[in-house]
Number of protein chains: 2
Amino acid sequence: MIQVIKIGGGVLENEVQRNAFLRQFAAIESPKVLVHGGGRLATTMAERLGVETQMIDGRRVTDKETLDIVTMVYGGLVNKQVVAQLQTMGVNAIGMTGADGGWMKAVKRPIKNGIDYGYVGDVTEVNGAHLRTLLNNGLTPVIAPITFSAEGLLLNTNADTVASQTAIAMAEAMRREGDETRGNVQLTFCFEKAGVLSNPDDESSLIARITPETYTQLKADGIISGGMIPKIDNAFTALERGVKSVRITHSNQIQGGTIIEQA
Amino acid sequence: MIQVIKIGGGVLENEVQRNAFLRQFAAIESPKVLVHGGGRLATTMAERLGVETQMIDGRRVTDKETLDIVTMVYGGLVNKQVVAQLQTMGVNAIGMTGADGGWMKAVKRPIKNGIDYGYVGDVTEVNGAHLRTLLNNGLTPVIAPITFSAEGLLLNTNADTVASQTAIAMAEAMRREGDETRGNVQLTFCFEKAGVLSNPDDESSLIARITPETYTQLKADGIISGGMIPKIDNAFTALERGVKSVRITHSNQIQGGTIIEQA
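Residues numbered from 1 in each chain as written. Chains lettered and ligands numbered in written order. Predicted model: local features only at pLDDT ≥ 70, side-chain atom pairs only at ≥ 80, totals over all residues.

### Some details on the overall build of chain A
What counts, and what does not: Numbering of helices and strands runs from the N terminus, with a helix taken as a DSSP run of H or I at least four residues long and a strand as a DSSP run of E at least two residues long. Computation of the radius of gyration draws on C-alpha atoms, with the globule rule given as 2.2 Å multiplied by the number of residues to the power 0.38. Any residue surrounded by 20 or more other C-beta atoms within 10 Å of its C-beta is treated as buried, while 12 or fewer makes it exposed and the intermediate range makes it partly exposed; C-beta atoms here are placed from the backbone. Placing a C-beta atom from the backbone of each residue, one calls two residues in contact when those atoms lie within 7 Å.
When you go through chain A residue by residue, the secondary structure sums to eight helices and 14 strands. Its C-alpha radius of gyration of 18 Å places chain A within 12% of the 18 Å reference for a compact globule of 263 residues. The dimensions of chain A, computed from C-alpha atoms along their principal axes, are 45 × 45 × 40 Å. Within chain A, the fraction of its 263 residues that count as buried is 48%. At a minimum sequence separation of 6, the contacts of chain A that also span at least 24 residues come to 71%.

Structure (structure tokens):
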């Protein structure tokens, strides 16, 4: 079993939440990979540097200056602080972007309908074997959501996508190694709610398990709607591509929350 | 043979010089390690952020804000840009600080005679076997001059020291592996001059080779003096601790310059 855990930048910015989360992560006994976002720190840094944050339809445009800030804050500050803290907890963490070891390649998102998101990466190729080598050497990858292109551009990339693509690539690498029993990757998205809730305002209304069948019903009944739909659709894509199960849970309860799996 | 090459931040800030240097580095056929400084970029960033750079006797004091800037600029921006560029040159580069893989530990420099340099690291322990593992897997480490302490502090560390300590640890790791013939590490310091010059104003006055005997004579004759003495003393320390030879050369001529070796 390999666990791929994604944590948002917001949790990492709060010292108490970060410590609590990292202690849980450190306690996981199986080989594990951490994917982190950068949260508001990049926005704060952009403001301090007087770089304007441009948004199109609620999505950040990554111009050259913003890319440099993202690379500094996510790839440098946040990544190294997490690595150093995990080291004190007995985890032999190694921080990286997609460029380090060349394992996660992307293309700069093409301009579409006149909209240019700038230095944003759409993942094209993931080398799961690279991470397997590190894991086999007792290392725990800590991944900042930055990929790179064949031209050597660094590219800002959605952290949820980096986490899914990592889990899928690990599952594929294990299948290629010919050991089906090891093709056992669990992907966990940690966020600020207890999991998928049947009533978004009631943290106790947790849906413990979702399968393709119950998902169809939950959508038909209007219990799952809005922003949760793309999240769960993504989860099913990961399952179809060989990931064993996907968990959506609160960062202070990384073994809890909602499990999404094939029936 | 393993080559450990140190390049200053100044060269990396200049696109033409950086490209020329990295192309030479990429062309080295033996396993290799790059250690880089950060140069003036951290100072520029501190100025933009309104963080005052404190100096004591010409040495930067690393307060908490400066440490964060150094971590962002050296560990994030410079490191990842070099890695991405090397990837386009066919080098499977992997960026790291001393915290990544926990391989270079330090202590925060103690306050002495009332002088507190802040978050500055004095190296205490280097795990050469970690870098050997990466090299054996076809990876090329690109090292930012940041170490970490047992308490999980990141620490700003002199890049020349990081390079020497890396070379010494690699030589020791190879000897421990019991293969004396592989205990063959060359350390190269690239800077803005052709090498050790007998006349500092004349780039053609290169001293091609220095041994302990000729060094004593060159110092007695006043030909080598000033800031070059600690550099060469450092080089001899590396030689005494198992490094085969040390080169001091211009960044545009990484196989040239002055070779320092035991007789």
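### A look at the domain arrangement of chain A
Residue and element names in this part refer to chain A. We count it as follows: An automatic or database domain assignment supplies the residue ranges for each domain.
Domain annotation for chain A reports domain 1 (2-183) and domain 2 (192-263). Using C-alpha coordinates to define each centre, domain 1 is positioned 22 Å away from domain 2. Listed by partner, the interface residues are 17 residues for domain 1 and nine residues for domain 2. When contributions to the side of domain 1 that touches domain 2 are tallied by element, the ones reaching two or more residues are strand E1 (2-7), helix H1 (9-13), helix H2 (15-27) and helix H6 (159-176). With seven residues, H6 is the largest single contributor of residues to the side of domain 1 that touches domain 2.

### Remarks on the interface of chain A and chain B
When the parts of a complex come together, some accessible area is lost, and that lost area is often taken as the interface size. For clarity, the threshold we go by: As a working rule, the residues Ala, Val, Leu, Ile, Met, Phe, Trp, Tyr, Cys and Pro are called nonpolar, Asp, Glu, Lys and Arg charged, and the rest polar, with Gly in that last group.
On the chain B side, the residues contacting the 34 residues of chain A number 33 residues. Contributing elements (two or more residues each) for the side of chain A that touches chain B: helix H4 (64-88), strand E5 (93-96) and strand E9 (146-148) of chain A. No other element matches the 14 residues that H4 of chain A contributes to the side of chain A that touches chain B. Considering only residue class, the side of chain A that touches chain B consists of 14 nonpolar, 15 polar and five charged.

### Side note on helix H3 (residues 40-48) of chain B
Residue and element names in this part refer to chain B. Put simply, the rule is: This arc is taken over the directions from the axis of the helix to the C-beta atoms.
Those residues of H3 not exposed but buried are Leu-41, Ala-42 and Met-45. Relative to the axis of H3, the buried residues are bounded by an arc of 100 degrees and lie together on one face. Elements that come into contact with the buried residues of H3 comprise helix H1 (9-13) and helix H4 (64-88). Following H3 by one or two positions, Gly-50 has its phi on the positive side, about 70 degrees.

### Overview of the confidence of the model for chain A
So the rule is basically this: The pLDDT score gives, residue by residue, the confidence of the prediction method on a 0 to 100 scale.
Across chain A, the average pLDDT comes to 93, with 98% of residues at 70 or higher. Confidence metrics for the complex model read pTM 0.95 and ipTM 0.94.

### Let's talk about the packing of H4 of chain A against H4 of chain B
Heads up, the condition is: Orientation is described by axes fitted as lines to C-alpha atoms, over the contacting stretch for helices, and by angles from 0 to 180 degrees between their N-to-C directions. The handedness criterion is simple: a crossing whose near helix is rotated anticlockwise from the far helix by less than a right angle is left-handed, and one whose near helix is rotated clockwise is right-handed.
Where H4 of chain A meets H4 of chain B, the axes come as close as 7 Å, and the angle between the chain directions of the two elements is 115 degrees. Crossing handedness for the pair H4 of chain A and H4 of chain B: right-handed. Across the interface between the two elements, Asp-68, Thr-71, Met-72, Val-73, Gly-75, Gly-76, Leu-77 and Lys-80 of chain A from H4 of chain A touch Asp-68, Thr-71, Met-72, Val-73, Gly-75, Gly-76, Leu-77 and Lys-80 of chain B from H4 of chain B.

### Re the relation of the copies chain A and chain B
Both copies of the chain are related by a screw-like operation: a rotation about an axis and a shift along it. Operational definition: For the least-squares superposition of copies, only C-alpha atoms count, and only for residues with pLDDT at least 70 in both.
The operation relating chain A to chain B is a screw motion whose rotation component is 180 degrees, with 0.0 Å of axial translation and a residual RMSD of 0.0 Å. Both copies of the chain, as the preceding transformation shows, are related through a two-fold rotation axis. In terms of C-alpha distance to the rotation axis, chain A has Gly-76 of chain A as its closest residue, with the C-alpha 1.8 Å off the axis. Taken together, the interface assignments show that 97% of the residues at the interface of chain A recur at the interface of chain B, consistent with an identical surface on both copies.

### Brief notes about the packing of helix H3 (residues 41-48) of chain A against H4 of chain A
The packing of two helices is summarised by the inter-axis angle and the distance between the axes. All names here are of chain A. To keep it simple, the criterion reads: For classification, angles of less than 35 degrees are called roughly parallel, those exceeding 145 degrees roughly antiparallel, those between 65 and 115 degrees roughly perpendicular, and all remaining angles oblique.
Where H3 meets H4, the axes come as close as 9 Å, and the angle between the chain directions of the two elements is 130 degrees. Accordingly, the angle class assigned to the pair H3 and H4 is oblique. The two elements H3 and H4 cross, and the hand of that crossing is right-handed. On H4, the residues touching Leu-41, Ala-42, Met-45 and Ala-46 of H3 are Thr-66, Ile-69, Val-70, Val-73, Tyr-74 and Val-78. Its residues assigned to classes, the contact of H3 with H4 comprises nine nonpolar, one polar and no charged.

### Description of the nonpolar core
Worth spelling out the cut-off: The term nonpolar core refers to a set of buried Ala, Val, Leu, Ile, Met, Phe, Trp, Tyr and Cys residues connected through C-beta atoms within 7 Å.
If you look at the biggest cluster of nonpolar residues, it comprises 154 residues, and the most contacted ones within it are Val-73 of chain A together with Val-73 of chain B. If near-sequence neighbours (up to four positions away) are discounted, Val-73 of chain B is found in contact with Met-72 of chain A together with Gly-38, Leu-41, Ala-42, Met-45 and Val-78 of chain B.

### Here's the deal with the sheet that holds strand E14 (residues 258-260) of chain B
Residue and element names in this part refer to chain B. Counted only if it meets this: A pair of strands is treated as paired once DSSP finds two or more bridges between them.
Strand order in the open sheet formed by eight strands is E5-E8-E2-E1-E11-E13-E14-E12, and the pairing between neighbours is mixed. Only two strands of the sheet have a single partner each, and these edge strands are strand E5 (93-96) and strand E12 (209-210). As judged from the two bridges shared by strand E2 (residues 32-36) and strand E8 (residues 140-143), these two strands associate in the parallel manner. Within E8, the residue paired with Val-35 across the bridge is Ile-143.

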